[in-house]
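Okay, here's what each chain looks like letter by letter:
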Amino acid sequence: MKMDGLWYTHFTAGEVQGDGMAVLRDGEILGGDPAHTYTGSYTSDGPELYLDVRVSPYAGHVPADLDRPVALVLWGSVNGDSGKVSGCAGNRRDLKVIVDLHRAA
C-alpha cells in the first residue's frame, strides 16, 4: 500500500489529546501540531504500518506534558485512506499512545 501523502492525525497520549498533520514520503515522516514537531521514519508491509517517531517541543514552546524529545514506536494498519497505530513512548512504557490517521491529500 502506498503511504506517501499528507495525513491528518488525532492522537491520544494518556490524558493528552490533540490533532496534527504529518507528511509521509519515501520512508520519512515530517509533521507537527501547535505544540510539537514530528520527525522519523516508517515502513509498511501491505496494510501493516510501523513508525519510529521523535516528538519534540515546538521551538520556544515547552508544554507541561513534554519537556524533552520523546521517541515513539508505533505499529498498526491502514485500510484505504484511514488507519490506526499505537504503541508507547520509549522512556515511558506506561504511557500508551494511539494515533488515528486520515489521508488529507
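Residues numbered from 1 in each chain as written. Predicted model: local features only at pLDDT ≥ 70, side-chain atom pairs only at ≥ 80, totals over all residues. Heavy atoms only, no water.

A count of helical and extended segments in the protein gives zero helices and eight strands. Mapped in sequence order, the helices and strands of the protein form the string β-β-β-β-β-β-β-β. Per-residue burial for the protein yields a buried fraction of 36% across its 105 residues. Contacts in the protein between residues far apart in sequence, at least 24 positions, make up 31% of those at least 6 positions apart. (Helix = DSSP H or I, 4+ residues; strand = E, 2+ residues; numbered from the N terminus. Buried < 20%, exposed > 50% of the residue type's maximum accessible area, 1.4 Å probe, protein only. Contact = heavy atoms within 4.5 Å.)

So, about the nonpolar core. The biggest cluster of nonpolar side chains holds 23 residues, and the ones touching the most others in it are Leu-49, Leu-51 and Leu-72. Counting residues per element, the ones that place at least two in this core are strand 1 (5–13), strand 2 (16–25), strand 4 (36–45), strand 5 (48–57), strand 6 (70–79), strand 7 (82–89) and strand 8 (92–103). Apart from the residues lying within four places of it in its own chain, the contact partners of Leu-51 are Ile-29, Ser-41, Tyr-42, Leu-72, Val-73, Leu-74 and Val-85. (Core = buried A, V, L, I, M, F, W, Y, C linked by side-chain atoms within 4.5 Å.)

Now for the confidence of the model for the protein. For the protein, mean pLDDT is 89; residues scoring 70 or higher make up 90% of the total. When pLDDT is averaged over each helix and strand of the protein, the minimum, 90, is found for strand 8 and the maximum, 97, for strand 3 (residues 28–32). (pLDDT = per-residue confidence, 0-100.)

Turning our eyes to something else, we now look at the pairing of strand 1. Side-chain direction in a regular strand flips from residue to residue, so the side chains alternate between the two faces of the sheet. Two elements, strand 1 and strand 2, share nine bridges in a ladder whose sense is antiparallel. Bridge pairing in strand 2 links Leu-6 to Val-23. Hairpin connection between strand 1 and strand 2: a loop of two residues separates the two successive antiparallel strands, and Gly-14 in this loop has a positive phi of roughly 65°. Across seven bridges, the pairing between strand 1 and strand 8 is antiparallel. Looking across to strand 8, one finds that Trp-7 is bridged to Arg-103. (Pairing = 2+ DSSP bridges.)

Take the sheet that holds strand 4 next. Here we have eight strands rolled up into a closed barrel, ordered 1-2-3-4-5-6-7-8, and antiparallel in their pairing. Averaged over all adjacent pairs, the angle separating strand axes in this sheet is 30°, with direction ignored. (Axes fitted to C-alpha atoms, helices over the stretch in contact; angles between N-to-C directions.)

With that settled, consider the pattern of salt bridges. Tallied over the full model, the rule gives three salt bridges. For the salt bridge of Arg-103 with Asp-81, the shortest nitrogen-to-oxygen distance reads 3.1 Å. Of this pair, Arg-103 sits in strand 8 while Asp-81 sits in the loop between strand 6 and strand 7, and the two are 22 residues apart along the sequence. Judged by its relative accessible area of 26%, Arg-103 is partly exposed. (Salt bridge = Lys/Arg side-chain N within 4 Å of Asp/Glu carboxyl O.)

Structurally, Tyr-8 is set in strand 1. As for Tyr-8 and Gly-31, which are separated by 23 residues in sequence, their C-alpha atoms are 9.7 Å apart. Tyr-8 has contacts with Asp-19, Gly-20, Met-21, Asp-100, Leu-101, His-102 and Ala-104, leaving out every residue within four places of it along the chain. In terms of polar contacts, Tyr-8 uses its side chain to reach the side chain of Asp-19, at 2.6 Å. (Polar contact = N/O pair within 3.5 Å; in protein donor to acceptor, adjacent residues only side chain to side chain.)

Let us look at a nonpolar patch on the surface. On the surface, a cluster of nonpolar side chains totalling about 310 Å² of accessible area is made up of Tyr-50, Val-73 and Trp-75. Summarising the element assignment, Trp-75 is placed in strand 6. (Patch = residues over 30% accessible without salt bridge, like charges linked within 9 Å, V, L, I, M, F, W, Y side chains within 5 Å. Areas by Shrake-Rupley, 256 points an atom, 1.4 Å probe, with all protein chains shown as cover.)

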